[in-house]
Amino acid sequence: MEVSETFLENLDRLGAWGILTTDENLKIVGWNRWLERHSGRRAADVAGLSLLDVFPDLAVRSLDRYYQEALQGQSSMLSQRFHKYLLAMPPSVATAQLMHMQQTARISPLFEGTAIRGTLTLIEDVTERVVTELELRQQAERLEEANRHKDEFLAMLAHELRNPLAPIRNGIRVLDIVGTSNDEARETREMIERQVTHMTRLVDDLLDVSRIMRGKVRLQIAPCDLSAILQQVAHDYRPILADNRVDLSVEIPVGPTWIQGDAVRLTQIVSNLLHNAGKFTNAGGNVKLHAQVNHEEQAAVIEISDTGVGMTPETLARVFESFSQAETTLDRSKGGLGLGLALVKGLAELHGGTVEAASPGANQGSRFTVRLPIREAVAPHPDQGTQPSPQILLTRRILLIEDNQDAAQTMKILLKHLGYEVELAFSGPEGVAAACRYEPDVVICDIGLPGLDGFGVARALRKELQTRDLYLIAQSGYGQPEDVRKALAAGFDLHLLKPVDFQLLADSLKSSPRNRGDAVAKGSI
Amino acid sequence: MQLTPLQQDAVTELINIAFSRAAASLSELTKCRVDLEVPEVSVHEIDQVSGAISHFVSGDVATVHQVFTGPVAGDAFLLLNFDGAVHLVDLLTDTASTKGTLGAAAREVITEVGNILMNACLGVFGNLLHVRFSFSVPKLSLDDLGFMVQSLVVADDALQHAMVVGARFKMRGSEVTGCLVLVLGISSFELFLKAVEAWADQSLAGDQG
């Protein structure tokens, strides 16, 4: 059988396809100029040669069976993804990643009347496409890597930003204690407190969002009364909204609504939505908190609507994205990082719920709807969660190990005002030595310390006879359950999250059991 | 139109043989175990095939089409839900598609999968009928199921039958179900059924002997 030159010339005009014909013994009858160009061999030189001799790789890769099947009448499609290539030829695109031209091929019987007289192979060069796919995949991997670095950076940034907040907050408490009769000083103190509170919220949101992005948030699921949570958040926010002359109306179920959830995170969801509503509602406006149980959907539905600035469809489409801002004017009068709603979405989804936003348009208000699945939740037993009455601790001496000198000094002033004697140490080894020398009742220890970290300090103190029974309190910027577990495993009795709520610390110092030695001694009497 | 129990068993058995071959080819290609199951086989007149097909796929479908000619001639189709096709490519190539799309490379993979499955079935039927089929090169199209079925029905005025075969691909702990449709003219279909019965009789005689 012969394939005419004219036929091949006509096929050549079809474009970038390789065309190869064989006879029924798989001897090459001819191939087109495309194949001459890419294989580097003229058709006249290979005509009459066995295809499997010219391309021995075909048999090695078991691709010769497709030719045998074609001689039986079957047509086959060989995708690049499965086979990479049919005929081994140099790549058509300069790339270090590929040894061969990437091909998609079709192998069919070649008929003369109804008799099969050979095979016809069509080869498409898809190297450029594959190189583009490889580049896109590498680019996607790089972007993913960059995104991961960004998330890690944000987490680190938030953590670092927390540290200076602690001494500032302590400083405010010191000012409270020492008091001032000067109005300007008092107003300045109040301004600092407002700004620190605002800053703390931003940093906490940033930290939470970065944790959600990295899948690091673990909910503390327990039965909780959603009605009580909503009632409490509404109670907290009513005066804040009232300060801006925004009215809050509340319609929530009377009596408990038990759901399985993380009470702290549920509070955060509702707080953020109320905060957002208040932020974008002008004086004289109204915010409404409405909640009900939808028995058909088996969901608690919480709606927070406002009469505020509303959203354009463009804003609405991106409202739950991190760093998305409804207002992007240069003055940025509403401030914020655009994290609150991203956090709401992330936390609602972690609860197996959803959040939706709706707005008829700019200046027509907004409505946010949170749906949380109601799983069978049983009200906790009244006794559950209550702690045995603590013994009163007669703590007098405290060792504070903290490398941030401002934080250490302000905390020392505060503790002294509460009547404690306080010694400071600014590194891990210094802290361990001071504990032996100073013989404190309680050690309050930072985790990130030079020389020896807080975990190491706790372990060292627990080893020494002289210090092993001290009451140890960890203070750390990392507050995930895993961080708390690590602190307790290292030997700490209590873990407090930075910036430490001073009232909480004061209460802990007052009500914690007396140091371990005394506790053991008392227990043995 | 309904197959007799003997015909039904025999056709199912033959399809199982073909699917086993196809599964072996796919396993070899992917270097991962692929199983192919036949949940259901049924025969319908072409204008009543819609219900049977919609039992397996719906909405937007990816269809691989191959024409076969010879003493028995017709059209073979593999139909997969669009999402099923995307998922199948992900399973076969062990990758995650970009935003659930079916790009050029993925379309080629589906075309090759359809080609393998249909070649295996028609190869088994060819051996059974002692005939040699000639196959066209497979083509992939993406259409709404209704449109695709409509094109089947209006393609030819002559009475045709369609054999609808469920096809369940199982691999990497996941599965994708689609269906294979063989459309045959009345004479080809009768020839096919006679050959199936003869094969079944022969098999039964062999078992009893």
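Since the structure is predicted, the reported quantities are computational estimates derived from the model, not experimental observations.

About the thresholds
- Residues numbered from 1 in each chain as written.
- Chains lettered and ligands numbered in written order.
- Predicted model: local features only at pLDDT ≥ 70, side-chain atom pairs only at ≥ 80, totals over all residues.
- Heavy atoms only, no water.
- pLDDT = per-residue confidence, 0-100.
- Contact = heavy atoms within 4.5 Å.
- Salt bridge = Lys/Arg side-chain N within 4 Å of Asp/Glu carboxyl O.
- Helix = DSSP H or I, 4+ residues; strand = E, 2+ residues; numbered from the N terminus.
- Buried < 20%, exposed > 50% of the residue type's maximum accessible area, 1.4 Å probe, protein only.
- Phe/Tyr/Trp six-rings, centres within 6.5 Å; stacked < 30°, edge-to-face > 60°.
- Lys NZ or Arg CZ within 6 Å of the ring centre and 35° of its normal.
- Axes fitted to C-alpha atoms, helices over the stretch in contact; angles between N-to-C directions.
- Parallel < 35°, antiparallel > 145°, perpendicular 65-115°, else oblique.
- Left-handed = near helix turned anticlockwise from the far one by under 90°.
- Nonpolar A, V, L, I, M, F, W, Y, C, P; charged D, E, K, R; others polar.
- Pairing = 2+ DSSP bridges.
- Buried area = accessible area lost by both parts, 1.4 Å probe.
- Polar contact = N/O pair within 3.5 Å; in protein donor to acceptor, adjacent residues only side chain to side chain.
- Core = buried A, V, L, I, M, F, W, Y, C linked by side-chain atoms within 4.5 Å.
- Patch = residues over 30% accessible without salt bridge, like charges linked within 9 Å, V, L, I, M, F, W, Y side chains within 5 Å.
- Areas by Shrake-Rupley, 256 points an atom, 1.4 Å probe, with all protein chains shown as cover.

J.: Please set out the confidence of the model for chain A residue by residue, giving values where relevant.
T.: Mean pLDDT over chain A works out to 84, with 88% of the residues at or above the 70 mark. Overall, residues 383-393 of chain A carries pLDDT values under 50, and its contacts beyond four positions in sequence, including any with other chains, amount to 15 contacts.

J.: Would you mind going over the pattern of salt bridges in detail, with residue names and values included?
T.: Residue and element names in this part refer to chain A. This model, assessed by the stated rule, comprises 26 salt bridges over all chains. The partner of Arg189 in a salt bridge is Glu193, and the shortest N-O contact between them spans 2.7 Å. Taken together, the residues span about one helical turn, with Arg189 and Glu193 both in helix H9 (residues 183-213) at a distance of 4 residues. Judged by its relative accessible area of 13%, Arg189 is buried. The partner of Glu421 in a salt bridge is Arg397, with the nearest N and O atoms 3.3 Å apart. Taken together, the residues span a long stretch of sequence, with Glu421 in strand S14 (residues 421-425) and Arg397 in strand S13 (residues 397-401) at a distance of 24 residues. Each member of the salt-bridge network shares a partner with another, and the members are Arg173, Asp176, Arg189 and Glu193.

J.: Give me the lowdown on the packing of aromatic side chains, citing residues and values where you can.
T.: Tallied over the entire structure, the rule returns 6 aromatic pairs over all chains. Residues Phe125 of chain B and Phe192 of chain B carry aromatic rings whose centres are separated by 4.8 Å and whose planes lie at 70° to one another, so their mutual orientation is edge-to-face. Linking Phe125 of chain B in helix H4 (residues 104-129) with Phe192 of chain B in helix H6 (residues 186-208), this pair joins segments that are 67 residues apart in sequence. For the pair Phe125 of chain B and Phe192 of chain B, a shared accessibility class is recorded, and that class is buried. Centre to centre, the rings of Phe189 of chain B and Phe192 of chain B are 6.4 Å apart; their planes meet at 40°, and the pair counts as tilted. Taken together, the positions of Phe189 of chain B and Phe192 of chain B, both in helix H6 and 3 residues apart, correspond to about one turn of that helix. Overall, Phe189 of chain B belongs to the buried group, its relative accessible area being 2%. Members of the aromatic cluster, connected to one another through ring pairs, are Phe68, Phe133 and Phe135 of chain B. Its guanidinium or amino end placed over the ring of Tyr85 of chain A, Arg61 of chain A lies 3.9 Å from that ring's centre, counting from NZ or CZ. In this structure, Arg397 of chain A is placed above the aromatic ring of Tyr438 of chain A, and the distance from its NZ or CZ to the ring centre is 4.2 Å.

J.: How would you explain the packing of helix H8 (residues 127-178) of chain A against helix H14 (residues 405-417) of chain A if you had to name every residue and give the values?
T.: Residues and elements named next belong to chain A. Running from N to C, H8 and H14 cross one another at 30°; their axes reach a closest spacing of 9 Å. Considering the angle they form, H8 stands roughly parallel to H14. Here H8 runs over H14; the crossing is left-handed. Taken together, the residues of H14 that come into contact with H8 (itself represented by Pro167, Asn170, Gly171, Arg173, Val174, Ile177 and Val178) are Asp406, Ala407, Thr410, Met411, Ile413, Leu414 and His417. Classifying every residue of the contact of H8 with H14 by side-chain character gives 8 nonpolar, 4 polar and 2 charged.

J.: Pulling in residues and values, what's your account of the sheet that holds strand S7 (residues 247-251) of chain A?
T.: Residues and elements named next belong to chain A. Strand order in the open sheet formed by 5 strands is S7-S9-S10-S12-S11, with mixed pairing between adjacent strands. At either end of the open sheet lies a strand with only one pairing partner, and these are S7 and strand S11 (354-358). Across the sheet, the mean angle from the axis of one strand to that of its neighbour is 15°, orientation sign disregarded. Sheet topology places S11 next to strand S12 (residues 366-373); 5 bridges connect them, and they run antiparallel. In the sheet register, Ala358 faces S12, and the bridge partner there is Arg367.

J.: Give me the lowdown on the interface of chain B and chain A, citing residues and values where you can.
T.: In this complex, chain B contributes 24 residues to the contact, which on the side of chain A involves 23 residues. Between chain B and chain A, roughly 1,900 Å² of surface is buried when both sides are summed, and carbon and sulfur atoms account for 53% of that area. A salt bridge links Arg129 of chain A to Glu108 of chain B; its shortest N-O distance comes to 2.9 Å. At the boundary of chain B with chain A, the tally comes to 11 residue pairs in polar contact (both at pLDDT 80 or more). Of all elements in the fold, only helix H1 (5-30), helix H3 (82-93), H4 and strand S5 (134-135) of chain B reach the threshold of two or more residues within the side of chain B that touches chain A. Counting residues per element, the side of chain B that touches chain A draws most heavily on H4 of chain B, which supplies 11 residues.

J.: Which residues make up the nonpolar core, and what are the values?
T.: In this structure, Phe19, Leu36, Leu117, Phe125, Met163, Phe169 and Phe192 of chain B are the most contacted members of the largest nonpolar core, which totals 63 residues. Examining the composition of this core, we find that 14 residues originate from one element, H4 of chain B, more than from any other. Beyond its immediate sequence surroundings of up to four residues, Phe169 of chain B is in contact with Leu26, Asp35, Leu36, Leu80, Leu88, Val113, Leu117, Ser174, Glu175 and Val176 of chain B. With 46 residues, the next largest nonpolar core counts Leu154, Leu230, Ala291 and Leu372 of chain A among its residues.

J.: Can you tell me about a nonpolar patch on the surface, naming the residues and giving the values?
T.: Residues and elements named next belong to chain A. Nonpolar side chains collect at one region of the surface, where Phe153, Met156 and Leu157 lie side by side and expose about 270 Å² of accessible area between them. One can find Met156 in helix H8. Note on Met156: relative accessible area 46%, which makes it partly exposed.

J.: I'd like a description of the pairing of S12 of chain A, backed by residues and values.
T.: Residue and element names in this part refer to chain A. When you tally the buried positions in S12, you get 6 out of 8 residues, the bulk of the element. Judged from the 8 bridges that link them, strand S10 (residues 299-306) and S12 form a sheet pairing that is antiparallel. Residue pairing for S12: Asp306 is matched across the bridge by Ser366.

J.: Could you give an account of the sheet that holds strand S3 (residues 76-78) of chain A, with specific residues and numbers?
T.: Residue and element names in this part refer to chain A. Ordered in space as S2-S1-S5-S4-S3, the 5 strands form an open sheet in which the pairing is antiparallel. The strands lining the two open edges of the sheet, one partner per strand, are strand S2 (28-31) and S3. Recorded for the sheet is a direction-independent mean angle of 20° between the axes of neighbouring strands. Relative to strand S5 (residues 115-125), strand S1 (residues 17-23) runs antiparallel, the two sharing 7 bridges. By the bridge assignment, Leu20 is partnered in S5 with Thr121.

J.: Before we move on, could you go through the pairing of strand S7 (residues 160-171) of chain B and cite the residues and values that matter?
T.: Within a regular strand, side chains alternate between the sheet's two faces. All names here are of chain B. Among the 12 residues that make up S7, 10 are buried, leaving the element largely enclosed by the rest of the structure. Pairing between strand S1 (residues 35-37) and S7: 3 bridges, direction antiparallel. Bridge assignment links Asp35 to a residue of S7, and that residue is Lys170. Both strand S2 (residues 41-45) and S7 contribute to a ladder of 5 bridges, which runs antiparallel. Counted as the bridge partner of Val43 is Met163 from S7. For S7 and strand S8 (residues 174-185), the ladder comprises 12 bridges, and the chain directions are antiparallel.

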